Amino acid sequence: MTRLLATMASAVLLCAGGAGAQAPAKPDAAKGQTIAGQVCAACHASDGNSSLPANPKLAGQFYDYLHKQLVNFRSQDGKKPERDNAVMAGMTANLSADDLRNLAAYYAAQKLKPAAARDKDLAGLGQKIYRGGNVATGVAACSGCHGPAGSGIPVQYPRIAGQFPEYIEAQLKAFRAGARANDPNGMMRSVAARMSDREIQAVSEYAAGLR
């Protein structure tokens, strides 16, 4: 009996140790920097401040949001990625789960060099929609989720202040068309579906100038 109890105790300890070993390692931003320089810099710049509007600025974005997007770009169990993008699917395919966490930690720690609004009139219209929505068509105010200054809410909603207006516009149109569908509960698809091209352009222009 004593030997049996000892064996059972050892098994419990082994199970507990195994569970602990499976816990995700704490993100390592230094390792993320190395990966960023090797894999991501050509499109997003080594510090996440892309110079090309087609590629979003990643510097200073929330860790949780960045990590979610990286995971969503990958195919899971042979299924189509939640966020369908052939380029990003290829870029993330050979990265480990730790690599994705490390990358997100690195870019989240960088300082954003914001884009800027260029069209004053368009930004003025965007301000009205961003702050008050469009009651007539049921467009919700962007500030309700992304904050008055576009700073977002950690975990839930990304920061959009200072992002390229062209990139924001492209994403809103993708949500509207259903081409991008990794928004929780379809929230962004629901909002974008009610927006006109002009409203999307205006909100994008205004958000680019937020600080």
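Reference entry: report on the structure contained in this document. For clarity, every value in this text was computed on a predicted model and none was experimentally measured.

1. Here's the deal with the state of the cysteines
Then step 1. In total, this model carries zero disulfides according to the counting rule given.
Then step 2. Of all cysteine sulfurs in the structure, the one in Cys145 sits closest to Cys142, which takes part in no disulfide; the separation is 8.8 Å.

2. What to know about empty space enclosed by the protein
Then step 1. Evaluation of the coordinates by the stated rule reveals one cavity of 30 Å³ or more.
Then step 2. In this model, the largest cavity occupies a volume close to 60 Å³.
Then step 3. What lines the largest cavity is simply Lys57, Leu58, Ala59, Gln61, Leu112, Arg159, Ala161, Gly162 and Gln163.
Then step 4. Considering only residue class, the lining of the largest cavity consists of four nonpolar, three polar and two charged.

3. Some words on unusual backbone geometry
Peptide bonds are trans in most cases, and residues, glycine excluded, mostly fall at negative phi.
Then step 1. Although it is not a glycine, Ala45 sits at a positive phi angle of roughly 70°.
Then step 2. Looking at the element boundaries, Ala45 is found in the loop between helix H2 (29-44) and helix H3 (63-72).
Then step 3. Positive phi, close to 55°, is recorded for Asp77, a residue that is not glycine.
Then step 4. By secondary structure assignment, the location of Asp77 is in the loop between H3 and helix H4 (86-92).

4. Examining H2
Then step 1. Taking 1.5 Å per residue, 16 residues should reach 22 Å; H2 reaches only 16 Å between its end C-alpha atoms and comes up short.
Then step 2. Maximal helix bending in H2 amounts to about 55°, located at Gln38.
Then step 3. Every buried residue of H2 is accounted for by Gly32, Ile35, Ala36, Cys40 and His44.
Then step 4. Buried-residue contacts for H2 involve H4 and helix H5 (97-108).
Then step 5. The opening residue of H2 is Asp28, an N-cap whose side-chain oxygen sits 3.0 Å from the backbone nitrogen of Ala30.
Then step 6. Two residues or fewer past H2, Ala45 is found with a positive phi of approximately 70°.

Reading the values: the criteria
- Residues numbered from 1 in each chain as written.
- Predicted model: local features only at pLDDT ≥ 70, side-chain atom pairs only at ≥ 80, totals over all residues.
- Heavy atoms only, no water.
- Disulfide = S-S within 2.5 Å.
- 1 Å grid on protein atoms, 1.4 Å probe; cavity = no way out; pocket = protein on both sides within 12 Å on 5 of 7 lines; lining within 4 Å.
- Points joined across faces, edges and corners; volume = space filled by probe spheres on them.
- Nonpolar A, V, L, I, M, F, W, Y, C, P; charged D, E, K, R; others polar.
- Helix = DSSP H or I, 4+ residues; strand = E, 2+ residues; numbered from the N terminus.
- Expected span 1.5 Å × (residues − 1).
- Bend = angle between axes of the 7 residues up to and from the residue.
- Buried < 20%, exposed > 50% of the residue type's maximum accessible area, 1.4 Å probe, protein only.
- Contact = heavy atoms within 4.5 Å.
- Polar contact = N/O pair within 3.5 Å; in protein donor to acceptor, adjacent residues only side chain to side chain.

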